[in-house]
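# Descriptive structure summary
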Amino acid sequence: MTQIDCLNFCEVLQDFYDKNVPFITTVRDIQKKAGFAKCERIYIGSSFCGPYFLHLSEKIMVEVIEACQAEGISVTLVLPVFTEKCLVLGKEKIKGLSAYFDKGIDEITVNDYGMLNYISGNYSIKLNMGRLFMKDYRDPRYEEYFHSELYPKIFTPYLTELMKKYRITGMEFDPTHSVINFKQKPKDIEIGVHSPYCYMTTGHICEAASIHKEIDHKFRPTTSCQSECKDIIIHYDLHDGRNWYRVGPTIYFENPDCRIEGINRYRWIYFPINEEGVR
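A brief structural summary.

### Digging into the overall build of the chain
- Scanning the chain from terminus to terminus reveals 9 helices and 15 strands.
- Burial statistics for the chain: of 279 residues in total, 56% are counted as buried.
- Expressed as a percentage of contacts within the chain between residues at least 6 apart in sequence, the contacts between residues at least 24 apart total 72%.
- Per element, the accessible surface of the chain, about 13,000 Å² overall, is 51% carbon and sulfur.

Laid out in structure tokens, this is it:
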């Protein structure tokens, strides 16, 4: 089986950049710790948080894109589900980055049907269906289900229609089970699997964004923030021998041993929480 090694800097790019280490040096350090020889692709942006995407400096993103282009590393721009509050600014930021489409950024991952329709109607670039499209159950505390072999629910005739309509070329999955079998995937779809952490749940209420607010303004959905999450990663000990983390509004559980079946090629998308550090 061919494994294409990738690094996922979504949700954590700002903090790595703030360490004042050249980005390519960071990539090389992480790829060594992750156990692969060369990073073929990086993912930047956000899968889960519109405010994080908007606060992420375009200057930083451009510097990262140009550094990767010089090293022959492909870049995927990842877009979250924008709320109505963030949508206009989100579109403006995408427009600003569009100068790098096919000049560093060669594909976009979207996480909702609205953005799938918007990007395909306004830009000519390859599209991936992101993690939030995948509705398979995910909770390792239900051991019998977790240790069963997953055949993803999304592989339906309707998916084939979407592929034709929106030029979808890839799909991203999480390591939700002990084994995932992709033998039912459409022929021309490239599969990406995030590792070693599976996102379990996410939402519009961010614990980090509430830190500096008065008690009667805490834990409000889509509240304004100052990117507090870039300085905070929370570790949970559930006494189950597994690492659990909260990054921004999203909770992840560790599942590094997920086995991939039914395909002979896939992207392995490594998320460097361990290297980023827990505070």
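### Regarding the sheet that holds strand S14 (residues 259-261)
- Strand order across the open sheet formed by 3 strands is S6-S8-S14, with parallel pairing between neighbours. Each having just a single partner strand, strand S6 (149-150) and S14 make up the two edges of the open sheet.
- For strand S8 (residues 179-181) and S14, the ladder comprises 3 bridges, and the chain directions are parallel. From the neighbouring strand, Val 179 faces S14, where its bridge partner is Arg 259.

### A few points about the sheet that holds strand S13 (residues 250-254)
- Within the open sheet, the 4 strands sit side by side as S10-S13-S12-S11. Their pairing is antiparallel. In this open sheet, the two edge strands, each paired with only one partner strand, are strand S10 (197-201) and strand S11 (233-236). Strand-to-strand twist of the sheet, defined as the mean angle between neighbouring strand axes without regard to direction, takes the value 30°.
- Across 4 bridges, S11 lies against strand S12 (residues 244-247) in antiparallel orientation.

### A few points about the side chain of Glu 11
- For Glu 11, the position within the fold is in the loop between strand S1 (2-8) and helix H1 (13-18).
- The buried charged residue Glu 11 lacks any salt bridge partner; its closest oppositely charged side chain belongs to Arg 131, at an N-O distance of 5.9 Å.
- At 2.7 Å, the side chain of Glu 11 and the side chain of Ser 46 are in polar contact.
- Look past the residues within four positions of Glu 11 in its chain and what remains in contact with it is Gly 45, Ser 46, Ser 47, Phe 48, Tyr 52, Val 247 and Tyr 252.

### Concerning the side chain of Asp 139
- Along the polypeptide, Asp 139 turns up in the loop between strand S5 (126-129) and helix H7 (143-146).
- With relative accessibility at 12%, the residue Asp 139 sits in the buried group.
- Here the side chain of Asp 139 touches Arg 141 through a polar contact of 2.9 Å, side chain to side chain.
- The contacts of Asp 139, once residues within four sequence positions are left out, are Phe 146, Met 200, Trp 244 and Phe 253.

### Brief notes about the packing of aromatic side chains
- Under the counting rule described, the total for this entry stands at 18 aromatic pairs.
- The interplanar angle of 80° and the centroid separation of 6.1 Å between the aromatic rings of Phe 48 and Tyr 252 together place this pair among those described as edge-to-face. Here Phe 48, found in the loop between strand S2 (41-45) and helix H3 (50-55), pairs with Tyr 252, found in strand S13; they are 204 residues apart in sequence, far enough to count as distant. As far as the burial class goes, Phe 48 and Tyr 252 line up, both buried.
- Judged by centre distance (5.8 Å) and plane angle (65°), the ring pair of Tyr 137 and Tyr 145 falls under edge-to-face.
- On the basis of relative accessibility, which here comes to 56%, the residue Tyr 137 falls in the exposed class.
- Each residue in the set Phe 48, Tyr 199, Tyr 252 and Phe 271 is aromatic and connected to the rest through ring pairs, giving one cluster.
- The lysine or arginine in question, Lys 93, covers the ring of Phe 53, its NZ or CZ lying 5.4 Å from the ring centre.
- Positioned above the aromatic ring of Tyr 199 is the side chain of Arg 138, whose terminal nitrogen or guanidinium carbon lies 4.5 Å from the ring centre.

### Here we look at the pairing of S13
- For S13, the tally of buried residues reaches 5 of 5 residues, placing the bulk of the element in the interior.
- Every second residue of S13 is oriented toward a common face, with Thr 250, Tyr 252 and Glu 254 on one face and Ile 251 and Phe 253 on the other, all of them buried.
- Pairing between S10 and S13: 4 bridges, direction antiparallel. When the sheet's bridge partners are listed, Tyr 197 is paired in S13 with Glu 254.
- As defined by bridge partners, S12 adjoins S13 across 4 bridges and the pair is classed as antiparallel. For Trp 244, the partnering residue across the bridge sits in S13 and is Phe 253.

### Describing the pattern of salt bridges
- What the rule picks out here adds up to 13 salt bridges.
- Across the salt bridge formed by Arg 28 and Glu 71, the nearest N and O atoms sit 3.0 Å from each other. One end of the pair, Arg 28, is in helix H2 (residues 23-34); the other, Glu 71, is in helix H4 (residues 58-71), and 43 residues separate them in sequence.
- With relative accessibility at 35%, the residue Glu 71 sits in the partly exposed group.

Reading the values: rules and limits
- Residues numbered from 1 in each chain as written.
- Predicted model: local features only at pLDDT ≥ 70, side-chain atom pairs only at ≥ 80, totals over all residues.
- Heavy atoms only, no water.
- Helix = DSSP H or I, 4+ residues; strand = E, 2+ residues; numbered from the N terminus.
- Buried < 20%, exposed > 50% of the residue type's maximum accessible area, 1.4 Å probe, protein only.
- Contact = heavy atoms within 4.5 Å.
- Areas by Shrake-Rupley, 256 points an atom, 1.4 Å probe, with all protein chains shown as cover.
- Pairing = 2+ DSSP bridges.
- Axes fitted to C-alpha atoms, helices over the stretch in contact; angles between N-to-C directions.
- Lys, Arg positive; Asp, Glu negative; His and termini not counted.
- Salt bridge = Lys/Arg side-chain N within 4 Å of Asp/Glu carboxyl O.
- Polar contact = N/O pair within 3.5 Å; in protein donor to acceptor, adjacent residues only side chain to side chain.
- Phe/Tyr/Trp six-rings, centres within 6.5 Å; stacked < 30°, edge-to-face > 60°.
- Lys NZ or Arg CZ within 6 Å of the ring centre and 35° of its normal.

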